[in-house]
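Here is what each chain is made of, one letter per residue.
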Amino acid sequence: MSAAPELISSRSPRVSAARRLAKRSFRGKERLFLAEGPQAVREAAGHRTGSGPTLVELFATLDAAERYADIVGEARAAGARLHLAADDVIADISTTVTPQGLVGICRFLDTPFEDILKAEPRLVAVLAHVRDPGNAGTVLRCADAAGADAVVLTDASVDLYNPKAVRASVGSLFHLPVATGVPVEEAVRGLKDAGVRILAADGAGDDDLDDELDKGTMGGPTAWVFGNEAWGLPEETRALADAVVRVPIHGRAESLNLATAAAVCLYASARAQRARGAGS
């Protein structure tokens, strides 16, 4: 670390600018967001968009810079500006209770909805009315794990770049296309026009997920619409879907939380699609 810069001051304009990104209004104005922790920073360092590298700055404690020297090296190789900082400076920038010593500043990376449609997606997660950032980030992570082609956050959902949502995605934010601010009617209409079947996930749905799998109806291009964990999907949103599907509860649990239900639904579709592909 001999070539590293001196410790940045807490009074530095760069620290003040980074701290402001905890607020949505400043993120939107600057089109920048915070990525905290080694996993998120590593994924950000390896990500690029058409406008260039996603990671533009990295704040690191001396200890973290040594412990994660490979990540710091990747960040600098990607062109990110490195700022070494004392622990209290990182804590001031970070939005976590126990910072891990690395905080990156990244460019917005959401994908235009039209580009997602042009790519002919086969599995999409649509988050409609999802207001909790932890839920949004975790569903994004589930979609990534299930091999989804894209995620769409409607205009009634939480900010994709909320620090809690970014953390909950555990780096998956940098792995697959995400469109934001799309009205739910526009999202459903566009996906239907692209030949994608729309399934609304709802605990009170008329159709059972097991039955859908048994009927062999889930092997084609599919978009799952997930709603708010507390009150589900509004009736007008349910009405847009080709089917409203419930995850069966075989035990005594009252329900599943949003992320668990999303994982079950997305993996069911992914398996059905693989089975159809293997048999074709």
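Residues numbered from 1 in each chain as written. Predicted model: local features only at pLDDT ≥ 70, side-chain atom pairs only at ≥ 80, totals over all residues. Heavy atoms only, no water.

A. View of the overall build of the protein. Broken down by element type, the protein carries 13 helices and 13 strands. Taken over the C-alpha trace, the protein has a radius of gyration of 20 Å; the compact-globule value for 280 residues is 19 Å, and the two agree within 12%. Across its three principal axes, the protein shows a C-alpha extent of roughly 65 × 40 × 35 Å. Burial analysis of the protein (280 residues in total) assigns 52% to the buried set. Taking as baseline every contact in the protein between residues at least 6 positions apart, the subset at least 24 positions apart corresponds to 83%. Carbon and sulfur atoms provide 48% of the accessible area of the protein, an area that totals close to 13,000 Å². (Helix = DSSP H or I, 4+ residues; strand = E, 2+ residues; numbered from the N terminus. Rg over C-alpha atoms; globule rule 2.2 N^0.38 Å. Buried < 20%, exposed > 50% of the residue type's maximum accessible area, 1.4 Å probe, protein only. Contact = heavy atoms within 4.5 Å. Areas by Shrake-Rupley, 256 points an atom, 1.4 Å probe, with all protein chains shown as cover.)

B. Just helix 3 (residues 38–45), in detail. Where helix 3 is concerned, the buried positions are Pro-38, Ala-40, Val-41, Ala-44 and Ala-45. Down the axis of helix 3, the buried set is contained in an arc of 165°. They therefore lie on one face. Looking at the buried residues of helix 3, the elements they touch are strand 1 (32–36), strand 4 (55–60), helix 5 (69–77) and strand 6 (102–107). (Arc of directions from axis to C-beta.)

C. Region of the structure containing the pairing of strand 1. Counting buried residues in strand 1 gives five out of five residues, a clear majority hidden from the surface. Residues of strand 1 alternate between two faces, with Leu-32, Leu-34 and Glu-36 on one and Phe-33 and Ala-35 on the opposite face, all of them buried. Bridging between strand 1 and strand 6 involves five bridges; their strand directions are antiparallel. Note on strand 6: the bridge partner recorded for Ala-35 is Gly-104. (Pairing = 2+ DSSP bridges.)

D. Fine view of the sheet that holds strand 12 (residues 222–226). Sheet architecture is open: seven strands sit in the order 9-8-7-12-10-13-11, paired in parallel fashion. With one partner strand each, in any of the chains shown, strand 9 (178–182) and strand 11 (207–208) form the two edges of the open sheet. Where helix 8 (residues 133–146) meets the sheet, its contacts fall on strand 7 (123–127), strand 8 (150–154), strand 9 and strand 12, and the angle it forms with strand 7 comes to roughly 175°. (Axes fitted to C-alpha atoms, helices over the stretch in contact; angles between N-to-C directions.)

E. Region of interest: unusual backbone geometry. One non-glycine residue, His-129, lies in positive phi territory at about 65°. Examined against the element boundaries, His-129 turns out to sit in the loop between strand 7 and helix 8. Its identity is not glycine, yet Val-170 carries a phi of approximately 50°, on the positive side. Mapped onto the elements, Val-170 comes out in the loop between helix 9 (163–169) and strand 9. A relative accessible area of 35% places Val-170 in the partly exposed class.

F. A nonpolar patch on the surface, seen in detail. The grouping of Ile-249, Leu-256 and Val-264 at the surface amounts to a nonpolar patch, some 200 Å² of accessible area in total. Positionally, Val-264 belongs in helix 13 (residues 258–279). (Patch = residues over 30% accessible without salt bridge, like charges linked within 9 Å, V, L, I, M, F, W, Y side chains within 5 Å. Salt bridge = Lys/Arg side-chain N within 4 Å of Asp/Glu carboxyl O.)

G. Local environment of the packing of aromatic side chains. Counting across every chain of the model gives five aromatic pairs. Aromatic side chains Phe-33 and Phe-108 sit 6.4 Å apart centroid to centroid with 50° between the ring planes, which places their arrangement in the tilted category. One end of the pair, Phe-33, is in strand 1; the other, Phe-108, is in the loop between strand 6 and helix 7 (113–118), with 75 residues separating them in the sequence. Judged by relative accessible area, Phe-33 falls into the buried class, the value being 0%. The buried category is assigned to Phe-108, whose relative accessible area is 15%. Aromatic pair Phe-33 and Phe-174: ring centres 6.2 Å apart, planes at 20°, arrangement stacked. Taken together, the residues Phe-33 in strand 1 and Phe-174 in the loop between helix 9 and strand 9 connect sequence positions 141 residues apart. The buried category is assigned to Phe-174, whose relative accessible area is 7%. Members of the aromatic cluster, joined through ring pairs, are Phe-33, Phe-108, Tyr-161 and Phe-174. (Phe/Tyr/Trp six-rings, centres within 6.5 Å; stacked < 30°, edge-to-face > 60°.)

H. Structural view of the environment of Asp-202. Along the polypeptide, Asp-202 turns up in the loop between strand 10 (197–201) and strand 11. Linking Asp-202 and Asn-228, residues 26 residues apart in sequence, is a C-alpha distance of 10.0 Å. The residues touching Asp-202, leaving out its near neighbours within four places in the chain, are Leu-233, Arg-238, Val-244, Val-245 and Arg-246.

Purely geometric stuff here, so don't read any function into it on its own.
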